Amino acid sequence: MTSASPKRILLKLSGEVLMGPGHYGIDPDTVHRLALEVRAAQESGFELCLVIGGGNIFRGMAGAAKGMDRAQADSIGMLATVMNALAMQNALEQVGVDTRVQSAIPMSAICEPYIRRRAIRHLEKGRIVIFAAGLGSPYFTTDTPSAVRAAELHCDALYKGTSVDGIYDADPKKVATAKRFDRVTYDQVLTQNLKVMDASAVALCRDNAIPIIVFNIREQGNLARVLRGKGVSTTVGSAA
Ligand code: UDP
């Protein structure tokens, strides 16, 4: 990084990446590897906030599709994100990184409640803050809370670490000729319905001029490369 002041970023990880080679839940070795990468990002001068999804444990939509009440199912999904946040906090602290978890659903026995100004103080003190339980409201995934927290905390960018290396014009798992974009605009994503993040998250980032960088976090060392502007990724911004 060239700038003297630290850049503040929000890193959103899909819950799935915590499964590692497994098909469900939390793989401690994988979480440890991710913690080392997050620590390296911090050491290179970034202030980091994290949002971790819950898809490795439970998604409300999946429960609703099987007949559960959507709001109730989403509450379970939000609790899944708290489990992931605590697992990541544990891994980060084991590698010496001071970390706080703030939950949108207060759970004072295990973490702090979400308090924006306190989160900013933590970041200024060099702590990593993990935001759990989304927005505390059903009918969202963790995409929109990521965009909301990125805006509230004046993050310079939202990095979405997932299992694919960017945004494609078609599903690369189904269409062999699918092409990855290096850059796309927010409006392109919205009008072409490109699968990146929920539309509400993309619109929020557009309205607050927060670039979204989508990259594959499963690939070891990729976070550092992408933060240096080197790795394979797609950037969503106002100009293509
Ligand atoms: N969720 C919610 N409100 C929020 C954030 C999350 O109800 O503000 C629930 C929702 O059921 C969601 C689940 O938490 O499916 C887990 O989050 P997500 O699906 O984003 O996980 P990911 O796909 O990123 O692993």
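Data block above holds the structure.
This is a predicted model, so every value here is computed, not measured.

(A) Layout of the packing of helix 5 (residues 143-152) against helix 7 (residues 199-207). Where helix 5 contacts helix 7, the axes come no closer than 7 Å and their chain directions differ by 15°. The pairing of helix 5 with helix 7 is recorded here as roughly parallel in orientation. Between helix 5 and helix 7 lies a crossing of left-handed hand. Residues Asp143, Thr144, Ala147 and Val148 of helix 5 lie in contact with helix 7, whose contacting residues are Ser200, Ala201, Leu204 and Cys205. By residue class, the composition of the contact of helix 5 with helix 7 is five nonpolar, two polar and one charged.

(B) Main features of the site of the ligand. As a structural note, the neighbourhood of the ligand is formed by 20 residues, with Gly15, Gly55, Asp74, Ser137 and Thr142 the closest of them. In this structure, Lys12 approaches the ligand through a side-chain N or O atom, which is 2.8 Å from an oxygen atom. Ser137 has a polar backbone atom sitting 2.7 Å from a nitrogen atom of the ligand. Within the complex, the protein chains bury 96% of what would otherwise be the 530 Å² of accessible surface of the ligand. Here the element with the most residues in the shell around the ligand is helix 3 (residues 70-94); it accounts for three residues. Taken together, the residues of the shell around the ligand break down into six nonpolar, eleven polar and three charged.

The rules behind these values
- Residues numbered from 1 in each chain as written.
- Predicted model: local features only at pLDDT ≥ 70, side-chain atom pairs only at ≥ 80, totals over all residues.
- Heavy atoms only, no water.
- Axes fitted to C-alpha atoms, helices over the stretch in contact; angles between N-to-C directions.
- Helix = DSSP H or I, 4+ residues; strand = E, 2+ residues; numbered from the N terminus.
- Parallel < 35°, antiparallel > 145°, perpendicular 65-115°, else oblique.
- Left-handed = near helix turned anticlockwise from the far one by under 90°.
- Contact = heavy atoms within 4.5 Å.
- Nonpolar A, V, L, I, M, F, W, Y, C, P; charged D, E, K, R; others polar.
- Near = heavy atom within 4 Å.
- Polar contact = N/O pair within 3.5 Å; in protein donor to acceptor, adjacent residues only side chain to side chain.
- Areas by Shrake-Rupley, 256 points an atom, 1.4 Å probe, with all protein chains shown as cover.

Distances and angles like these do not, on their own, reveal function.
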